[in-house]
Amino acid sequence: MPGMALHPCSNTEKHSSLEAMKKWHSSPLGLSRCTASARNLSVCGIGPGGGDGMEDQSPFRTPPSLPYSFTEPLNAGITCDGGPDQLEAGQHKKALLDLLDQVEDAITEEELPVDAGNKGGQVTVGDSTDSRCSPIANSSLNVESNKPREAPSFDSFLVLEVSEKHKGDSSCDRYPAKVLRLLNEHCGKEYSVHLCDEWFHSTVVPGDTVSVIGEFSDQGKCTVDHDSNLVIVHPELLISGTRVASSFHCPRRSVLDERLKSNEYSTSALMGTLLHQVFQAGLLEDVPSRQFLEQHAKEVLLNNLESLYACGASERSTHSILIEAIPKMLNWYKSFMKGSKSTNVDFGHTEGRKTVEVTEMMDIEEMAWAPRYGLKGIIDASVISRVNSCGGGSYDKVMPLEFKTGKSTSGQSAMEHSAQVILYTLLMSERYLNTDIDMGLLYYLHTDQTLGIKVKRSDLIGLMMRRNELASEILKASFSQSFPAMLQSPSSCTGCRHLTSCTIYHKVHGGNTATSGLGDLFDNLVNHLSVAHHNFLKHWDRLIDLEARTSQVKKKEILLPLHYNSGSKSSAPSFYVLDMKNEHSVDSSGKSKRYIYNFVREKMQPEAAGHSEPQAESLDFNLKSGDCVVLSTQSGRIAVANGSIRDISRSHITVSLSRRLRLPGSSSLLEQGDLQRELWRIDKDEFSSSFATMRFNLVQLFSQKPQNTKLRKLVVDLEAPRFDSGGLFSQDPALSYIQSLTSLNNDQQRSLHKILAAKDYALILGMPGTGKTYTMVHAVKSLLMRGESILLTSYTNSAIDNLLMKLKAEGVDFIRIGRHEAVHPDVRANCLSTTEVQSVDAIKTRMEQVQVVGVTCLGVYHPLLAHKKFDTCIMDEAGQITLPVSLGPLMLATKFVLVGDHYQLPPLIQVTNPLVFLFT
């Protein structure tokens with residue numbers, strides 16, 4: 001480029017140059033320039049390379065977004081509309097590629113060694129011939145060792161250029177092929193990936209990040225086709241297997257699932273959860289009996305009373321459903337669990353019928369993250385099964401067991417269920433470091449039928465391509481607030497949990513009745529929205545996405561291999577070891593057991609982190625008591641467990657887990673020793689982010705609910721707040737009470753009068769030392785004298801608990817809602833979960849009786865608040881809370897009081913973009 005001087009760069013400069021380039025590309029301008037040309041390509045059908053012998057047709061369309069058939073003729077060319085938009089996009093893309101080439105030239109002037117330790121992973125350079133036959137990368141490594149070992153390293157690549165090769169191109173041995181020019185950002189080496197057959201249709205653009213499952217040749221080339229290897233687009237974006245499976249029906253719903261946290265309380269979903277808990281309890285028993293399951297059903301009901309209350313379900317009917325399901329569960333245990341005669345399971349016409357016996361139950365509700373595949377999920381049960389084929393011979397297999405409680409066991413539902421099991425095999429292969437996991441079991445409670453799922457290459461291709469498309473759609477929504485098209489199916493859309501949000505977004509982003517496909521239903525849901533409303537929602541949605549993308553960088557640090565975070569001391573993770581002096585303890589004081597583990601600081605960082613000096617003073621003080629955290633190991637096992645911090649100091653962290661800590665695949669006899677030998681990394685769980693709640697709050701503000709309509713007029717339309725002109729002291733006990741408080745100064749009394757006179761809202765400026773908390777205590781007492789109900793909220797638990805402790809000293813009754821670890825010990829007794837509440841009716845009575853409730857802004861979607869509305873919401877430290885966060889609690893009250901000091905700390909945000917200062 002004119003005027004730009006380039007020079008050989010150091011390793012540090014190389015990374016900064018790439019980061020600057022990626023930052024430009026990730027901007028809305030860069031993204032729009034680079035994606036326009038790629039999106040305009042249109043290619044119809046493609047067949048696999050080779051082609052005569054073909055396995056049975058997969059139910060998962062490949063590519064998912066295009067009509068596809070193996071029998072369709074190959075299109076040797078590309079048809080594009082040559083309009084001005086395409087021309088402009090091509091010019092912008094060329095400018096980007098010129099910039100990328102110059103960055104690359106600067107990098108390659110310096111010799112950068114290939115990571116010598118990267119053997120056997122994804123970027124292994126060597127002989128490309130491979131005799132393995134797994135559906136994943138044409139391999140079947142029969143690794144059955146339970147011994148804990150190091151996770152194989154993997155690298156992600158930056159896409160520098162995307163080109164296409166067609167018939168007649170002498171530089172390509174197969175056509176058509178989409179060629180990705182890649183840069184390994186760790187070692188600075190370039191590679192190329194050729195996408196053939198179905199993979200040719202993959203949507204990949206310069207600036208994307210990809211992961212490659214397969215080996216590279218000596219020339220740095222890898223071919224991904226119908227027979228071997230996989231490419232994962234945006235692997236840092238972990239998408240649940242359930243979401244991928246359901247996206248075949250409606251991609252828009254899956255994107256909304258990813259972006260919004262719904263407050264839906266469904267009786268059918270709750271019943272599924274309860275049946276899962278009963279069934280899983282039986283799996284953990286050696287010989288589960290009817291008496292055991294019936295007793296556990298009672299315990300499950302008691303542990304889920306709050307959810308039953310939210311759904312409006314009765315204990316009697318729910319208990320009856322659980323008891324009715326027990327005989328089927330017992331039959332399954334008798335047929336499949338250890339000591340049974342083994343049962344025939346149909347694994348499809350390719351594999352045939354096999355007898356299966358579950359010999360070991362490894363875990364239930366197992367959380368698994370697989371950044372190599374860009375997937376995550378919670379597996380119902382992880383088991384070891386002895387499989388006997390009809391031809392003789394038996395072998396042990398690690399496999400997922402998926403348990404389905406609904407009545408849909410065929411058609412679209414069956415396809416989605418099979419897809420989940422297939423994707424769970426990938427998750428387990430990553431978690432258990434075992435590439436031989438290619439089977440799973442699917443049990444339908446309704447029909448008492450168990451199916452065997454065998455992973456087939458064709459199915460895997462369809463699922464991973466759909467996963468890649470979904471990842472691109474999610475990121476597109478994040479950058480441009482652009483969503484997949486509406487389904488236009490009234491029968492499906494009417495019952496969708498996102499109906500209101502979906503139609504509002506469609507209207508705001510230029511959609512109309514015709515493009516919605518919903519007719520009058522659409523008009524009834526969105527006709528009240530004005531242009532000002534459209535602009536407000538789009539503006540704040542964009543600000544949330546800017547902040548979320550900054551947070552995504554921190555999420556990525558957890559997922560990347562250790563060497564990616566070894567560039568400087570400030571970015572290097574801290575490591576801990578289990579305290580060998582103290583065994584773990586069990587805390588049964590809350591609603592459920594918590595397992596408490598103490599980790600002590602490792603004095604010396606491991607060599608792999610690139611440090612040789614003690615790091616005792618560099619504890620990450622971003623962590624604090626009550627934070628949700630993820631536990632990983634230095635050896636590369638990601639997200640072994642998740643929990644929350646119970647206590648933290650410079651030298652130790654005490655973590656509370658919902659289950660006993662274990663390394664996946666570790667022998668029970670060696671488990672404690674394995675845990676103590678590991679170096680543990682403790683990261684804040686950025687995946688438990690607030691952004692989905694913020695977006696949900698924002699879009700709900702524009703729904704037609706009466707309370708939301710009133711709040712919208714105040715917040716968006718900026719209607720002036722109304723106040724009473726005044727009242728007689730003799731007729732208002734609250735005014736009389738304030739008059740009697742001689743300890744209040746004039747400003748405090750004026751503030752209280754303003755709160756009592758407010759019909760819509762009042763703003764109270766509470767500067768340091770002015771007695772803000774003291775004034776709020778009396779505001780609560782004054783409002784209670786009027787018989788009002790009050791929601792006390794703030795962004796932090798400490799702010800709420802500070803006010804509640806003073807109210808407790810004044811004899812005010814209240815309920816505190818929050819996680820046991822996050823609530824101050826002095827107010828835990830006021831948490832409903834720690835009281836002797838034994839029925840839904842008792843919860844209902846208590847919630848109707850109590851007039852004061854304390855909860856954080858992000859905790860307002862708790863089941864206990866599903867049917868609760870308040871007269872007044874008092875929000876403390878309001879100056880530190882962003883507007884989208886504040887909307888949740890404000891929508892639960894008729895009027896609100898914001899208390900804070902905007903001259904002090906503003907809302908805590910991470911993004912440095914100047915636009916985001918509008919958050920404050």
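Under an unreviewed UniProt entry, the protein chain has the name DNA helicase and belongs to Aegilops tauschii subsp. strangulata. Among the UniProt annotations of the protein chain, the heading Catalytic activity (unreviewed entry) holds the following wording: "ATP + H2O = ADP + phosphate + H(+)". UniProt's Subcellular location (unreviewed entry) comment on the protein chain is quoted here verbatim: "Nucleus".

Caption draft 1: Looking closely at the overall build of the protein chain. The helix and strand inventory of the protein chain stands at 25 helices and 26 strands. When the 920 residues of the protein chain are sorted by exposure, 53% land in the buried category. Sequence-distant contacts, at least 24 apart, represent 71% of the contacts inside the protein chain between residues at least 6 apart.

Caption draft 2: Fine view of helix α24 (residues 840-849). Turning to α24, its buried residues are V840, I843, R846 and M847. Looking straight down α24, one finds that the buried residues subtend no more than 125° of arc, so they occupy a single side. Projecting away from the buried face of α24 at angles above 90 degrees are the exposed residues D841, E848 and Q849. Contacts made by the buried residues of α24 are with α8 (305-311), α9 (315-336) and β23 (815-816).

Caption draft 3: Main features of the side chain of S703. Residue position: S703 is located in the loop between α18 (691-700) and α19 (706-715). Polar contacts involving the side chain of S703 include one to the side chain of N708, which spans 2.9 Å. Those residues in contact with S703 that sit more than four places away from it in its chain are T500, I504, H528, N708, T709 and R712.

Caption draft 4: Structural detail: the environment of H166. Locating H166 in the fold gives a position in the loop between β1 (156-165) and β2 (177-184). A residue is classified by how much of its surface remains accessible, and H166, at 19% relative accessible area, is buried. Between the C-alpha atom of H166 and that of K178, which follows or precedes it by twelve residues, the distance is 9.1 Å. Side chain to side chain, H166 and E164 meet in a polar contact 3.4 Å long.

Caption draft 5: Fine view of unusual backbone geometry. With a phi angle near 60°, L718 is a residue other than glycine that sits in the positive phi range. Structurally, L718 is set in the loop between α19 and α20 (733-740). You will see that E877, though not glycine, has its phi angle at about 50°, which is positive. Mapped onto the secondary structure, E877 falls in the loop between β25 (870-875) and α25 (883-890). By relative accessible area, E877 is classed as partly exposed at 24%.

Caption draft 6: Molecular detail of the pairing of strand β6 (residues 230-233). In β6, alternate side chains face the same way, and those of L230 and I232 on one face and V231 and V233 on the other are all buried. Sheet topology places strand β4 (residues 209-213) next to β6; four bridges connect them, and they run antiparallel. Note on β6: the bridge partner recorded for I213 is L230.

Caption draft 7: Main features of the packing of aromatic side chains. This model, assessed by the stated rule, comprises 17 aromatic pairs. Where F157 meets Y191, the ring centres are 5.5 Å apart and the plane angle is 75°; that geometry is what we call edge-to-face. On the criterion of sequence distance, the pair formed by F157 in strand β1 and Y191 in strand β3 (residues 190-195) is long-range, its members being 34 residues apart. With centroids separated by 6.4 Å and ring planes inclined at 90°, the aromatic side chains of W332 and Y333 adopt a geometry described as edge-to-face. The class for W332 is buried, based on a relative accessible area of 2%. Aromatic ring contacts, followed pair by pair, group F279, W332, Y333, F336, F403 and Y443 into a single cluster. We note K189 situated over the ring of Y191; from NZ or CZ to the ring centre the distance is 5.9 Å. The ring of F723 has K754 lying over it, and the distance from NZ or CZ to the ring centre is 4.2 Å.

Caption draft 8: Representation of the pattern of salt bridges. Inspection of the entire model under this criterion finds 37 salt bridges. Residue D363 is joined to R662 by a salt bridge in which the shortest nitrogen-to-oxygen separation is 3.0 Å. Remark: R662 occurs in the loop between β19 (652-657) and α17 (671-677) and D363 occurs in strand β9 (residues 353-370); sequence separation between them is 299 residues. Taken individually, D363 and R662 each receive the classification buried, so the pair is uniform in this respect. For R750, the salt bridge is made with D747, and the minimal N-O distance between the two is 3.4 Å. With R750 and D747 both in helix α21 (residues 746-757) and three residues apart, this pair spans about one turn of that helix. Relative accessible area serves as the criterion here: at 60%, R750 is assigned to the exposed category. The network of salt bridges with common partners includes D363, E366, R431, R659 and R662.

Caption draft 9: Up close: the state of the cysteines. Throughout the structure, instances matching the rule amount to zero disulfides. Its sulfur unpaired, C250 is 6.5 Å from the next cysteine sulfur, which belongs to C493.

Calculation rules
Residues numbered from 1 in each chain as written. Predicted model: local features only at pLDDT ≥ 70, side-chain atom pairs only at ≥ 80, totals over all residues. Heavy atoms only, no water. UniProt positions renumbered as here; feature names shortened; annotations may be inferred. Helix = DSSP H or I, 4+ residues; strand = E, 2+ residues; numbered from the N terminus. Buried < 20%, exposed > 50% of the residue type's maximum accessible area, 1.4 Å probe, protein only. Contact = heavy atoms within 4.5 Å. Arc of directions from axis to C-beta. Polar contact = N/O pair within 3.5 Å; in protein donor to acceptor, adjacent residues only side chain to side chain. Pairing = 2+ DSSP bridges. Phe/Tyr/Trp six-rings, centres within 6.5 Å; stacked < 30°, edge-to-face > 60°. Lys NZ or Arg CZ within 6 Å of the ring centre and 35° of its normal. Salt bridge = Lys/Arg side-chain N within 4 Å of Asp/Glu carboxyl O. Disulfide = S-S within 2.5 Å.

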